[in-house]
Amino acid sequence: MSSITGGLADTKQTAASPIRSSLWRQAFRRLRKNKLAMAGLAFIVFMFLVCFFGPLFSPYANNKINPAIMNQAPSFKHWLGTDLLGRDVLTRLLQAGRISLTVGIASMIISVIIGSILGAVAAYYRGIVDQIIMRIADLLLTIPSLPILFILGALLSEWKVPVEYRMYIVMLMLSFVGWPGLARLVRSQMLTIREREYMQAAIVLGLNDRRKLFNHMIPNIVPLLIVISTLSIGGAILSESVLSFFGLGVMPPTPTWGNMIDAANNLIDFEQHPWLWIPPGVAIFTTVIAINIFGDGLRDVLDPKQKK
Amino acid sequence: MAELTIAASEGITPQQNAPLLEVKDLKTYFPIKSGLFNRTVGYVKAVDGISLTLQAGETFGLVGESGSGKSTVGRSIIRLTEKTSGEVLYKGNDLYNMPEKELRHLRPKMQLIFQDPYSSLNPRVRVGDAIGEALLNHGLAPKEETRDRVLDVLQACGLSSYHIDRFPHEFSGGQRQRIGIARALILNPDLIIADEPVSALDVSIQAQIINLFRKLQMTRGLTYLFISHDLSVVEHLCSRIGVMYLGTMMETAPRDELFTHPLHPYTKALLSAVPVPIPRLKRERIVLKGDIPNPANPPAGCKFHTRCPYATDICRQLVPEFRHMGSEHYVACHLV
């Protein structure tokens, strides 16, 4: 029930005590009252369901080319029209959503893991370890991330990496540029908590390192980590789209929202076939906004000092 | 849990007749770093040669104005801030000369009560867990008993049993300070260092907390090192009082002796500033000029000479000795 308070709270009989509402439950209650954040969450869930289950109901196969029906405008048969190879845009849009969301979440998870471990290690050991980790992070932060991604993407094309692996490599690339910022945040937060008076109280009480870390430090970092990782999904989706738009990320025929917008790259499609690039554009825009709104809502809510 | 088998006090061998706490010539300097390579360019001499002895059961009050180093004394005694030199003996055992593990097992015997009741409690830990966790962590009580022990100590500190499952932000300042006291008390400490425990509270709550300290001393025979800048609080609670200035002890004496016959000009000035509840009483008010000097560059000779109304040439050149003036009264002044 209350993983944050750990040991003592869970092991005791709580029959005599009044209802224990954990901080997480309180936070969830407050979150439910935040209409905007809940709307964001509802949209994210909706997007997931539609992208992962929608294509199952589509009468059109994923990458089936049909030159007879190329570049058709939206109709009852093809709700969002067809593209220049006669593929159904709606089916492709949903398939693309799977890839974009997966890449966004997976690269967030990888960068959060790398970033928080390295940040925590730097803050815990300090000294030379801290110096090395943080200088590497600083170095990566000083180089603008988009050019790095472009160069990496171009290198992948040069080395003729098989198309089906590109998606996984894009995840790694995005985590590679994502972790330094996270490591910095986690490190600074750990250092702040270390100096808090309740940590000094933990020293005076003679608590062991494990208890200090798991009962006092980590519970104070987790809320921050949840908020940052939520917000960074949006960023990762955007970066992946940019890469794919320039043909350096996930490659066709695998669709992503980014390489679908690539259609806007030539003037004829841009002017005459707007159904090719408006839907993926709207999908990116709405998904990222929903994630950011939800992330902001989480941030407001995950502060125990805040009431109602 | 390996600690379960080790009782907290087994780590040391208490020596017969040794006082509970003995501090010998304690010095705590903080390095001042500056420049490109973080070189140490000087030291803030927060504590500059303090000696004191605490017998079991007594209450020693440490007073002085802000920046005099009284909090650092308390923190250095329990190794929260590392000393620079000197000795801290607990029942005859040097706290600075024992393995980390042994020290950790000894820590429950010496507790610190923090000045700020707001920041000294982890906002994400329930009150009951915050109070009981050290007991569990040291294996001083089995899990099943912990909750009962917490309830007992909550009651002793004037809190209710239903408070046990609440979070710190649900309490007022005075209640939080009681939680801090309960957290220290549950470990049955020999020594409690209270670092200005009431200065963050308003006056009516201050009285409650002070009375709680008194009650606990009577019922449990605690030894206090009570750090405060408020002489009236110290007068109410302490049996012996030490006056600190700029990291050095100026005068120590039993309470009544200090309040009736202060010898050091600094003590006299402090006492003359204590408000008295008799409006028409004419008193000589000694007003000290200027601020406490920079502890990184303390004045030569007697540290107080820059603000002392009676300073002479010898005060500016020679450091006064800490002399015994009879009846447990010590003073560091050339003119006495």
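Undergrad: What exactly am I supposed to notice about the side chain of Glu 58 of chain B here?
TA: Residues and elements named next belong to chain B. The residue Glu 58 is located in the loop between β2 (39-54) and β3 (59-63) in this model. Residue Glu 58 is classed as buried on the basis of its relative accessible area of 13%. Side chain to side chain, Glu 58 and Arg 240 meet in a polar contact 3.0 Å long. In this structure Glu 58 touches Thr 53, Gln 217, Leu 222, Thr 223, Tyr 224, Ser 239 and Arg 240, once residues within four positions along its chain are discounted.

Undergrad: Sorry, what's going on with the environment of Leu 62 of chain B here?
TA: Residues and elements named next belong to chain B. As for its placement among the helices and strands, Leu 62 is situated in strand β3. Using a relative accessible area of 0% as the deciding quantity, one classes Leu 62 as buried. Sequence separation between Leu 62 and Gly 242 is 180 residues, and the spatial gap between their C-alpha atoms is 4.9 Å. Excluding its chain neighbours within four sequence positions, the residues that come into contact with Leu 62 are Lys 70, Val 73, Phe 226, Ile 227, Ser 228, Gly 242, Met 244 and Met 249.

Undergrad: So what exactly am I meant to see when it comes to the pairing of strand β10 (residues 248-254) of chain B here?
TA: Within a regular beta strand, the side chains point alternately toward one face of the sheet and then the other, so they alternate between its two faces. Residues and elements named next belong to chain B. Most of β10 sits out of view: six of its seven residues are buried. Alignment of strand β9 (residues 240-245) against β10, held across six bridges, turns out to be antiparallel. When the sheet's bridge partners are listed, Gly 242 is paired in β10 with Thr 252. What sits between β9 and β10 in their antiparallel hairpin is a turn of two residues, with Leu 246 showing a positive phi close to 55°. Of the strand pairs in this sheet, β10 and strand β12 (residues 330-331) are connected by two bridges, and their pairing is antiparallel. Looking across to β12, one finds that Thr 252 is bridged to Tyr 330.

Undergrad: When you look at a nonpolar patch on the surface in this model, what are you seeing that I'm missing?
TA: Residues and elements named next belong to chain A. A cluster of nonpolar side chains, Val 45, Leu 49, Phe 52, Phe 53, Leu 56 and Phe 57, forms an exposed patch at the surface whose accessible area comes to about 640 Å². On the secondary structure map, Phe 57 appears in the loop between α3 (35-53) and α4 (89-125). Using a relative accessible area of 71% as the deciding quantity, one classes Phe 57 as exposed.

Undergrad: I'm lost on helix α6 (residues 145-158) of chain A in this one. Help?
TA: For the α-helix, the turn length of 3.6 residues means that residues three or four positions removed from each other point alike. All names here are of chain A. Taking 1.5 Å as the rise per residue, α6 with 14 residues should run 20 Å; its terminal C-alpha atoms sit 20 Å apart, in good agreement. Buried residues of α6: Ile 148, Leu 149, Gly 153 and Leu 156, and no others. Buried residues of α6, seen end-on, are gathered within an arc of 130° and therefore sit on one face of the element. Residues of α6 that are exposed and point more than 90 degrees away from the buried face comprise Ile 151 and Glu 158. Against the buried residues of α6 lie α7 (163-195) and α9 (209-245). With its phi angle positive at about 55°, Lys 160 sits one or two positions after the end of α6.

Undergrad: Sorry if this is basic, but what is going on with a positive patch on the surface here?
TA: Residue and element names in this part refer to chain A. A grouping of Arg 25, Arg 29, Arg 32 and Lys 33 is seen on the molecular surface, where their side chains present a positively charged patch. Mapping Arg 29 onto the fold places it in helix α2 (residues 23-33). Among the residues examined, Arg 29 registers a relative accessible area of 37% and is labelled partly exposed.

Undergrad: It is not clear to me how the pattern of salt bridges should be interpreted in this structure. Could you clarify?
TA: Residues and elements named next belong to chain B. The final tally for this structure, using the stated rule, is 16 salt bridges over all chains. Across the pair Asp 190 and Lys 91 runs a salt bridge, and its minimum N-O distance is 3.1 Å. On the criterion of sequence distance, the pair formed by Asp 190 in the loop between α5 (173-185) and β7 (191-195) and Lys 91 in the loop between β4 (85-90) and β5 (93-94) is long-range, its members being 99 residues apart. With a closest N to O distance of 3.0 Å, Arg 316 and Asp 313 form a salt bridge. Linking Arg 316 with Asp 313, this pair stays in helix α10 (residues 313-317), spanning three residues, or about one helical turn.

Undergrad: Looking at this model, I keep getting lost on the confidence of the model for chain A. Mind explaining?
TA: Close inspection of predicted coordinates is inappropriate for parts of the model with low pLDDT. Overall, the prediction assigns chain A a mean pLDDT of 82, with 91% of residues at 70 or greater. In the predicted structure, residues 1-19 of chain A sits below a pLDDT of 50 and forms 35 contacts with residues beyond four places in sequence or in another chain.

Undergrad: How should the packing of α9 of chain A against helix α12 (residues 278-301) of chain A be read in this particular structure?
TA: Two quantities define a packed helix pair, namely the angle between the axes and the distance from one axis to the other. Residue and element names in this part refer to chain A. Put simply, α9 and α12 touch, their axes get as near as 8 Å, and they point 165° apart. Put simply, α9 runs roughly antiparallel to α12. Along this stretch, α9 crosses α12, giving a crossing that reads as left-handed. Here α9 contributes Ile 226, Val 227, Thr 230, Leu 231, Ile 233, Gly 234, Ile 237, Leu 238 and Ser 241 to the contact with α12, which in turn contributes Ile 284, Thr 287, Val 288, Ile 291, Asn 292, Phe 294, Gly 295, Asp 296, Leu 298 and Arg 299.

Undergrad: How do you make sense of the state of the cysteines when you look at a structure like this?
TA: Simply put, disulfide is the name for a covalent bond between the sulfur atoms of two cysteines. Evaluation of the coordinates by the stated rule reveals zero disulfides over all chains. Here Cys 333 of chain B is not cross-linked by a disulfide; its sulfur's nearest cysteine counterpart is in Cys 315 of chain B, at 6.1 Å.

Undergrad: Any chance you could explain the sheet that holds strand β1 (residues 21-34) of chain B here in plain terms?
TA: Strands belonging to one sheet form pairs held by backbone hydrogen bonds; the direction of such a pair is parallel or antiparallel. Residues and elements named next belong to chain B. Read across the sheet, four strands follow the order β2-β1-β4-β5 without closing on themselves; strand pairing throughout is antiparallel. With partners counted over all chains shown, the strands left at the sheet margins are β2 and β5, one partner each. Pairing between β4 and β5: two bridges, direction antiparallel. Looking at the pairing, Tyr 90 lines up with Asn 93 of β5. Running over the sheet, helix α1 (residues 70-77) touches β1, β2 and β4 and is turned about 110° from β1.

Undergrad: For this particular structure, what's the right way to read the pairing of strand β6 (residues 110-113) of chain B?
TA: All names here are of chain B. Burial along β6 is two-sided: Met 110 and Leu 112 facing one way and Gln 111 and Ile 113 facing the other are all buried. Pairing of β6 with β7 involves four bridges; the strand directions are parallel. Its bridge partner being in β7, Ile 113 is matched across the sheet by Ala 194.

Undergrad: Would you mind going over the environment of Glu 257 of chain B with me for this structure?
TA: Mapped onto the secondary structure, Glu 257 of chain B falls in helix α8 (residues 255-260). Excluding residues within four positions of it along the chain, Glu 257 of chain B makes contact with Pro 262, Ser 327 and His 329 of chain B.

Undergrad: How should the packing of aromatic side chains be read in this particular structure?
TA: The geometry of an aromatic ring pair is captured by two quantities: the separation of the ring centres and the angle between the planes. Residue and element names in this part refer to chain A. One pass over the structure, following the stated rule, counts twelve aromatic pairs over all chains. With centroids separated by 5.7 Å and ring planes inclined at 10°, the aromatic side chains of Phe 48 and Phe 52 adopt a geometry described as stacked. Of this pair, Phe 48 and Phe 52 both sit in helix α3, four residues apart, which is roughly one turn of that helix. What makes Phe 48 partly exposed here is its relative accessible area of 27%. A relative accessible area of 31% means that Phe 52 is categorised as partly exposed. Their ring planes at 80° and their centres at 5.3 Å tell us that Tyr 124 and Tyr 125 sit as a pair that is edge-to-face. Judged by its relative accessible area of 40%, Tyr 124 is partly exposed.

Undergrad: I'm lost on the packing of α4 of chain A against α7 of chain A in this one. Help?
TA: Residue and element names in this part refer to chain A. As a packed pair, α4 and α7 sit with axes 5 Å apart at the nearest point and diverge in direction by 35°. At the point where α4 passes α7, the crossing takes the right-handed sense. Considering only residue class, the contact of α4 with α7 consists of 22 nonpolar, eight polar and two charged.

Undergrad: How do you make sense of unusual backbone geometry when you look at a structure like this?
TA: Excluding glycine, a negative phi dihedral is what most residues carry, and trans is how most peptide bonds are arranged. All names here are of chain B. Non-glycine residue Asn 188 carries a positive phi angle of around 50°. With respect to the helices, strands and loops of the structure, Asn 188 is situated in the loop between α5 and β7. Not every positive phi belongs to a glycine, and Leu 246 is a case in point at roughly 55°. Summarising the element assignment, Leu 246 is placed in the loop between β9 and β10.

Reading the values: rules and limits
- Residues numbered from 1 in each chain as written.
- Chains lettered and ligands numbered in written order.
- Predicted model: local features only at pLDDT ≥ 70, side-chain atom pairs only at ≥ 80, totals over all residues.
- Heavy atoms only, no water.
- Helix = DSSP H or I, 4+ residues; strand = E, 2+ residues; numbered from the N terminus.
- Buried < 20%, exposed > 50% of the residue type's maximum accessible area, 1.4 Å probe, protein only.
- Polar contact = N/O pair within 3.5 Å; in protein donor to acceptor, adjacent residues only side chain to side chain.
- Contact = heavy atoms within 4.5 Å.
- Pairing = 2+ DSSP bridges.
- Patch = residues over 30% accessible without salt bridge, like charges linked within 9 Å, V, L, I, M, F, W, Y side chains within 5 Å.
- Areas by Shrake-Rupley, 256 points an atom, 1.4 Å probe, with all protein chains shown as cover.
- Salt bridge = Lys/Arg side-chain N within 4 Å of Asp/Glu carboxyl O.
- Expected span 1.5 Å × (residues − 1).
- Arc of directions from axis to C-beta.
- Lys, Arg positive; Asp, Glu negative; His and termini not counted.
- Charge placed at Lys NZ, Arg CZ, Asp CG, Glu CD.
- pLDDT = per-residue confidence, 0-100.
- Axes fitted to C-alpha atoms, helices over the stretch in contact; angles between N-to-C directions.
- Parallel < 35°, antiparallel > 145°, perpendicular 65-115°, else oblique.
- Left-handed = near helix turned anticlockwise from the far one by under 90°.
- Disulfide = S-S within 2.5 Å.
- Phe/Tyr/Trp six-rings, centres within 6.5 Å; stacked < 30°, edge-to-face > 60°.
- Nonpolar A, V, L, I, M, F, W, Y, C, P; charged D, E, K, R; others polar.

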